[in-house]
Amino acid sequence: MNNAVTIKKQKKPKAVKDNFESSSNFKAWLYLSPALILLIIFSFYPLINTFRMAFLNGYNGLAIVGGEKFTIGIENFKTVINYVDFKLCLKNTLLLCVVTVPISTTLALLIAVALNSIKPLQKFLQTVFFLPYVTNSIAIGMVFNAMFTRVGLGDLIQTQGIINNIIGIFGIEPINFVNVGSSWGANMFVVCTYIIWNAIPFKILVLLGGLQNVNKQYYEAAKIDGTSKIRTFFRITIPLVSPMLAYVIITSFIGGFKEYSSIVGIFGDGMGPGSNGQMNTLVGYVYNMLPKSNSGNASAASLILFGIILIVTAINGYVSKKKVHY
Amino acid sequence: MRIILQNLTKTFPSRNKKSNEEVVAVKDLDFEIPDGKLIGLLGPSGCGKSTTLYMICGLQKPTSGRIFFGDNDVTSLEPEHRGVGLVFQNYALYPHLTVKQNILFPLQNLKGADKLTKEEMLDRAQKAADLVQIGELMDRKPSELSGGQQQRVAIARALVKTPRVLLLDEPLSNLDARLRLQTREEIKRIQRETKVTTVFVTHDQEEAMSISDMIVVMKEGVVQQIGQPQNVYDDPDNLFVAQFLGTPPINTFDGVVAGGTLFIGDDAVLDVPASVPDGPVSVGIRPEGFIPDENGRFSGKLVNIEVMGRDCSVVFTNDSSRKPNVRAIVDSDIQIIRGADNTVRFDLKKNKVFIFNAETGERIRFDDSDKSVRV
């Protein structure tokens, strides 16, 4: 009898608790459902489906119509890797990242430090430097194209952009940067310039925020100890903004691997002068494959891109663990 | 190193754009800090004591006036050439460097003839760390240290380059009560061992009194009094200094001097020399200046008695007091005799009673050769 009473006493509160928990769980899921449903439809399902499509040999998106079954394998990956254009895309993408990330980060850091140390016009200059960030990238691409353009040859040049006009002042022959027949190197130069110019504003913003959070007393302490400006910069400023630097570098690497719209902006969706595709990138390749019913190849290519970004980010994370002072 | 401040003034431009009135942080400072002493700059918040410290170290330039280290005019010298060590209020230890790297940092800046070898640097860093007793913590990061340990690292970093002057900005304000007591003794010890002229800033009078060789009391940018802590306490120049020093604080009353007698309310509490002019005055009486006596000339209504072991604190009211309660500290052996209506009576120790000009707050001194006056 005694036992029964105790058991009853123990059970009752538990049941109440379960009830309460399940009802509050239900409410939680209910409140989450709008976001979850959208995420499942537009993020999780496509993500999983990409893996499925990538590993179905020769998948072309028409499976159900033909009733044909695809075998599971890595044929798509083989096709992608052996494809000549893919290697070009990979080369372009890697080069863009390796060139633009260090240059734009260094420039942004220098500009941020300079902006942080001046008082008059700081707000105004901040706005000026931030303008590229709020401008449409296709529009900037078209302006870059106009700036670098040159139509005609030698004495027959009909029109040329401001860049060729400027280098003409120094007696240098006009260079074909972006028009039909231009070299891969010249194209690359223009694209890198564009990406660096376009990437700097956001980095300045982040780094400036980091710099303004650094306690001024560190600089005063360094000053009293007679620390040189250069040493202060490398031993105090950089370590103290290193979390922001790491953030900026990781995101710009990821952004660099996904580079696409800048090239479309400059060259149109032919991804090169005269639509020859010589500036194509990995994302450009994926987009190219889609209308050609090559969703299998496209999926495989995006998985390769995913893998590369994963590895680079992991390296970034590993390095920043050692070098970043949180 | 002897430090001489000559007519030092610092003004800041007005924050308010409409009025052009400048903010005077420090006004016409003029005093000398003897070599090898520990000096406390004391005053309430915003009295200009930190500004004075920053001017001595060179982080702020005086608007006018001169600063001398010994015979050298350092007024326009950059901080790095002054040979000062500064300990910041929140220590400003570089968070990404270890204790050892923090202490080494100033040494690594040395150039030319002063440049040290790696061994010399490590040796000096270790000595500085041992001096402040953090020798075993060299490989920790500042975030892994307690407040008191961080404080010591900051002192070691300031001392490692053997500065001519050590400056401490509110060195104890970020420590808890027990650590504060311990650290202030530590600062005194380090100062005695290194014999470096040390200036520290504080708003805590107890802290300043306990370790300084000399205190400089400031108010609204103006020096109120300079002297040895005990002398300043015993012989304040004005009402502000008298009120600022001492815990519990001095009791203040509205009084009147008439014909050589000091009246508080209706009580004729003290005979004063005829040199003290007649008229209303402010009177300050230290808590320890009361002697319980049933026939005493000073009376009040008892509120309660707080026994604190060695002595006890008699809390009573008096109509002329500027605060609701008057507090007297007396020996706990002494019997307090309550009269009718809880009236308590005291005699006053003459040297613990200060008379100030009612308007300016300036001290009106009178002969106090007689230590205590009894009826």
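Along each chain, the written sequence defines residue order, and numbers are assigned to residues from 1. Following the order in which they are written, the chains are lettered starting with A and the ligands numbered starting with 1. With the structure being a predicted model, the display of local features is reserved for residues of pLDDT at least 70 and the display and counting of side-chain atom pairs for 80 or more, all residues being used for whole-chain, interface and lining totals. By convention in this description, side-chain values take in all heavy atoms of the structure and omit both hydrogens and water.

Asker: Please clarify how the interface of chain B and chain A should be interpreted in this entry.
Answerer: Accessible area lost when the parts come together is the quantity often used to give the size of an interface. Should any heavy atoms of two residues lie within 4.5 Å, those residues are considered in contact. Across the contact, 22 residues belong to chain B and 17 residues belong to chain A. Interface area for chain B against chain A, summed over the two sides, is near 1900 Å², with a carbon-plus-sulfur share of 56%. Whenever a carboxyl oxygen of Asp or Glu lies within 4 Å of a side-chain nitrogen of Lys or Arg, that contact is scored as a salt bridge. For the interface between chain B and chain A, the tally reads two salt bridges. The closest approach of N and O atoms between Glu78 of chain B and Lys223 of chain A, which form a salt bridge, is 3.3 Å. Side-chain atoms alone can form a polar contact between residues adjacent in sequence; in general such a contact is a pair of N or O atoms within 3.5 Å, and within protein one must be able to donate a hydrogen while the other accepts it. Taken together, chain B and chain A are joined by 10 residue pairs in polar contact (both at pLDDT 80 or more). Here a strand is any run of E in DSSP of at least two residues, a helix any run of H or I of at least four, and the numbering for each starts at the N terminus. Elements with a minimum of two residues in the side of chain B that touches chain A: helix 1 (49-57), strand 6 (84-87) and helix 2 (99-108) of chain B. Looking at the side of chain B that touches chain A, the element that brings in the most residues is helix 2 of chain B, giving three residues. By the convention adopted, Pro, Cys, Tyr, Trp, Phe, Met, Ile, Leu, Val and Ala count as nonpolar, Lys, Arg, Asp and Glu as charged, and the other residues, Gly among them, as polar. Here the side of chain B that touches chain A is built from residues that sort into 14 nonpolar, four polar and four charged. Put simply, buried area is the surface a 1.4 Å probe can reach on two separate parts but cannot reach once they are joined, added for both.

Asker: What is the right way to read the domain arrangement of chain B from this model?
Answerer: All names here are of chain B. Throughout the structure description, domain borders are defined by an automatic or database domain assignment. Parsing chain B into structural domains produces domain 1 (3-239) and domain 2 (248-364). The straight-line distance from the C-alpha centre of domain 1 to that of domain 2 is 39 Å. Contact with domain 1, which involves seven residues of that partner, is made by 12 residues of domain 2. Of the roughly 780 Å² buried between domain 1 and domain 2, counting both surfaces, carbon and sulfur atoms make up 49%. Its largest share of buried area at the contact with domain 2, domain 1 owes to Tyr233, Pro236 and Leu239, together 67% of the area lost on that side. Counting across the domain 1 and domain 2 interface gives two salt bridges. The shortest N-O distance in the salt bridge between Lys352 and Asp234 comes to 3.8 Å. If you look at where domain 1 meets domain 2, you find six residue pairs in polar contact (both at pLDDT 80 or more). Split into classes, the residues belonging to the side of domain 1 that touches domain 2 amount to three nonpolar, one polar and three charged.

Asker: Sorry if this is basic, but what is going on with the nonpolar core here?
Answerer: Most often, soluble globular proteins keep nonpolar side chains buried together rather than apart. Of all hydrophobic cores here, the largest spans 55 residues; its most connected members are Ile3, Leu5, Cys57, Phe69, Leu86, Tyr94 and Leu167 of chain B. If near-sequence neighbours (up to four positions away) are discounted, Leu86 of chain B is found in contact with Ile224 of chain A together with Leu53, Tyr54, Cys57, Leu59, Ala158 and Leu167 of chain B. Among the buried residues, those of types Ala, Val, Leu, Ile, Met, Phe, Trp, Tyr and Cys that are joined through side-chain atoms within 4.5 Å form a nonpolar core. In this scheme, a residue with accessible area under 20% of its type's maximum is buried, one over 50% is exposed, and one in between is partly exposed, where area comes from a 1.4 Å probe on protein chains only.

Asker: Looking at this model, I keep getting lost on the sheet that holds strand 10 (residues 222-227) of chain B. Mind explaining?
Answerer: Strand pairing in a sheet takes place through backbone hydrogen bonds and is either antiparallel or parallel in direction. All names here are of chain B. Here, any two strands with at least 2 DSSP bridges between them count as paired. As summarised here, the arrangement of the six strands in space is 6-7-8-3-9-10, forming an open sheet in which the pairing is mixed. Looking along the sheet, the strands with just one partner apiece sit at the ends: strand 6 and strand 10. Ignoring strand direction, the axes of neighbouring strands in this sheet form an average angle of 15 degrees. Summarising the sheet, strand 3 (residues 38-42) and strand 9 (residues 214-219) pair through four bridges and their orientation is parallel. Within strand 9, the residue paired with Leu41 across the bridge is Val216. Note on method: axes are straight lines fitted to C-alpha atoms, helices fitted across the in-contact stretch only, with angles between N-to-C directions ranging 0 to 180 degrees.

Asker: Would you take a moment to explain the sheet that holds strand 19 (residues 343-348) of chain B for this structure?
Answerer: Residues and elements named next belong to chain B. One open sheet holds the five strands; their spatial order is 15-19-16-17-18, and the pairing between them is antiparallel. Edge strands, defined here as strands with exactly one partner in the open sheet, are strand 15 (290-292) and strand 18 (326-331). Between one strand and the next, the sheet's axes are offset by a mean angle of 50 degrees, whatever the strand orientation. Relative to strand 19, strand 15 runs antiparallel, the two being bridged by three bridges. Residue pairing across strands places Pro292 opposite Phe346, the latter belonging to strand 19.

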